[in-house]
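Structural features, examined
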Amino acid sequence: MLRIGVLVSGRGSNLQAIINGIEEGKINAKIELVVSDNPQAYALERSKKHGIPFQVVERKSFASKRDFEERMAELLKERSVQLVVLAGFMRILSKNFLKHFPNSVINIHPSLIPAFQGLHAQKQAVEFGAKFSGCTVHLVDESVDGGPVIVQAVVPVLPQDTEDTLSERILKFEHRILPQTVQWFAEGRVEVDGRKVIVRDARYGTLPVNPELEKF
Ligand code: GAR
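Below is a short write-up of the structure. All figures in this text were calculated on a predicted structure; none of them were measured in a lab.

Cut-off values and rules
- Residues numbered from 1 in each chain as written.
- Predicted model: local features only at pLDDT ≥ 70, side-chain atom pairs only at ≥ 80, totals over all residues.
- Heavy atoms only, no water.
- Helix = DSSP H or I, 4+ residues; strand = E, 2+ residues; numbered from the N terminus.
- Rg over C-alpha atoms; globule rule 2.2 N^0.38 Å.
- Contact = heavy atoms within 4.5 Å.
- Areas by Shrake-Rupley, 256 points an atom, 1.4 Å probe, with all protein chains shown as cover.
- Near = heavy atom within 4 Å.
- Polar contact = N/O pair within 3.5 Å; in protein donor to acceptor, adjacent residues only side chain to side chain.
- Nonpolar A, V, L, I, M, F, W, Y, C, P; charged D, E, K, R; others polar.
- Pairing = 2+ DSSP bridges.
- Axes fitted to C-alpha atoms, helices over the stretch in contact; angles between N-to-C directions.
- Buried < 20%, exposed > 50% of the residue type's maximum accessible area, 1.4 Å probe, protein only.
- Core = buried A, V, L, I, M, F, W, Y, C linked by side-chain atoms within 4.5 Å.

A few points about the overall build of the protein
When helices and strands are counted, the protein shows 6 helices and 9 strands. A globule of 216 residues ought to have a C-alpha radius of gyration of about 17 Å, and the protein, at 17 Å, matches this closely. If you take every contact in the protein between residues at least 6 apart in sequence, the share linking residues at least 24 apart comes to 63%. Carbon and sulfur atoms make up 51% of the accessible area of the protein, which amounts to about 11700 Å² in all.

Right under this line is the structure:
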């Protein structure tokens, strides 16, 4: 049973997807702790409802980013967390935090990175006029949404899309690829070789085109 910690800042729908996957027996993991940097996060209500231990760790309670991160690492290590999942956690973690969990911090981002990194990724995609966007689960390094990619789901952008409609379409796939990635870790199938991450025995190779090709 993989021991995971989930870091959140807000709504927590990705946290909920992991909780559901565990409760449905699809993920062989236990959420040892939810940590929120935001005391108002709805994700905390979800933790309460499902009897999952949670802690609020606010940046403003610490003199430095280093102390803030050390506290989070300490709480996670006290519970022997093996995989840290950033599920809508809106802060950049430094190497001081990451060194505690080598190759064991993952993040969900609502674009096909390296496109549209940072905030408001879905709005960026709509405004850019991209024909595809999607979501990515990646290992976290010190870059902003730039670490080695584990899995990406491609989602079409439609001509009438707004930030909200695209976000909703992408979110459905976030709720699939994040729980699936946790299960891949639980199965010990994630192999990291520098920037290349391979999921052992996974199928690779589907090809999407948008708009559809007609004659070629
Ligand atoms: C999700 O769309 C997630 O991909 C995004 O925040 C949202 C959190 O929703 N994360 C980022 O943009 C990270 N750079 P949730 O709280 O309902 O899971």
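A few points about unusual backbone geometry
With an omega of 15°, the peptide bond running from I113 to P114 counts as cis. Note on placement: P114 falls in the loop between β5 (105-109) and α5 (121-128). A cis amide bond links N210 with the next residue in sequence, P211, at an omega value of 0°. Mapped onto the secondary structure, P211 falls in the segment after β9 (196-199). Even without being a glycine, D201 presents a positive backbone phi close to 65°. Residue placement: D201 occurs in the segment after β9.

A few points about the site of the ligand
Every residue near the ligand is listed here: R11, G12, S13, N14, G88, M90, I108, H109, P110, D145 and E174. One of the side-chain N or O atoms of H109 is found 3.1 Å from a nitrogen atom in the ligand. Protein chains shield 90% of the accessible area of the ligand, which is 450 Å² for the free molecule. Where the shell around the ligand is concerned, the elements lending two or more residues are α1 (13-23) and β5. A per-class count over the shell around the ligand returns 3 nonpolar, 5 polar and 3 charged.

Structural notes on the sheet that holds strand β4 (residues 83-86)
Here 7 strands make up an open sheet; going across it, the order is β3-β2-β1-β4-β5-β6-β7 and the pairing mixed. Pairing within the sheet leaves two strands with one partner each, and these edge strands are β3 (54-56) and β7 (149-156). If you compare each strand with its neighbour and ignore which way they point, the axes differ by 20° on average. Where strand β1 (residues 2-8) and β4 come together, 4 bridges link them in parallel fashion.

Focus: the pairing of β9
Burial of β9 is one-sided: the residues V197 and V199 facing one way are buried, the residues K196 and I198 facing the other way are not. Bridge count between strand β8 (residues 190-193) and β9: 4 bridges; the pairing is antiparallel. In the strand pairing of β9, V190 is matched with V199. Connecting β8 to the antiparallel partner β9 that follows it, the hairpin turn spans 2 residues, and G194 within it adopts a positive phi of roughly 65°.

Quick look at the nonpolar core
Among the nonpolar cores identified, the biggest contains 42 residues, and I4, V6, I31, V85, I106, I150 and V182 are the most heavily contacted of them. No other element matches the 7 residues that helix α6 (residues 163-186) contributes to this core. If we ignore the near neighbours within four places in the chain, the residues touching V85 are I4, G5, V6, L7, I18, I106, L178 and V182. If you look at the next biggest cluster of nonpolar residues, it comprises 19 residues, including F68, A73, L75 and F97.

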